[in-house]
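# Notes for the structure review
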Amino acid sequence: MSALQDEHAHDIPTHPEEMKSVFDLRVGKHITLQGSARITPAGVISTGIAVAAMTFAVGYLISSVGRRR
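Heads up: these notes are all about the structure in this document. (Residues numbered from 1 in each chain as written. Predicted model: local features only at pLDDT ≥ 70, side-chain atom pairs only at ≥ 80, totals over all residues. Heavy atoms only, no water.)

### Remarks on the pairing of strand E1 (residues 19-27)
The condition that has to hold: Strand pairing requires that DSSP identify at least two bridges connecting the strands. Think of it this way: any DSSP run of H or I at least four residues long counts as a helix, any run of E at least two long counts as a strand, and we number them from the N terminus.
Of the pairings in the sheet, the one linking E1 to strand E2 (residues 31-39) comprises 9 bridges and is antiparallel in character. Counted as the bridge partner of valine 22 is serine 36 from E2. Counting the residues in the hairpin turn of E1 and E2 gives 3 residues, including glycine 28, whose phi is positive at 70°.

Dropping the structure here:
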């Protein structure tokens, strides 16, 4: 694939409701971090369910440690 085709391939969303984010983080004079992320609404919901499950699990572990003592 040529560079021109590759550039245009990134502009076309793979999902009609896809959300994109791009960021540049500069730390001092010599460190620059660049990043990007893409997510769909289904990914947002899945992430929320995963975070909720982990929160409940950690809460259960913390409460069980408190009962042991």
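### A look at a nonpolar patch on the surface
Keep this limit in mind: Each patch is assembled from residues with relative accessible area greater than 30% and no salt bridge, linking like charges that lie within 9 Å and nonpolar side chains (Val, Leu, Ile, Met, Phe, Trp, Tyr) that lie within 5 Å. All accessible-area figures derive from a Shrake-Rupley calculation using a 1.4 Å probe, and residue coverage is judged against the displayed protein chains alone. A carboxyl oxygen of Asp or Glu within 4 Å of a side-chain nitrogen of Lys or Arg is what we treat as a salt bridge.
Together, Phe23, Leu25, Val27, Ile31 and Leu33 line one region of the surface with nonpolar side chains, adding up to about 440 Å² of accessible area. Residue assignment for the nonpolar patch shows that the elements contributing at least two residues are E1 and E2. Element by element, the count of residues in the nonpolar patch is highest for E1, at 3 residues. The topology assignment puts leucine 33 in strand E2.

By themselves, these figures tell us nothing about what the structure is for.
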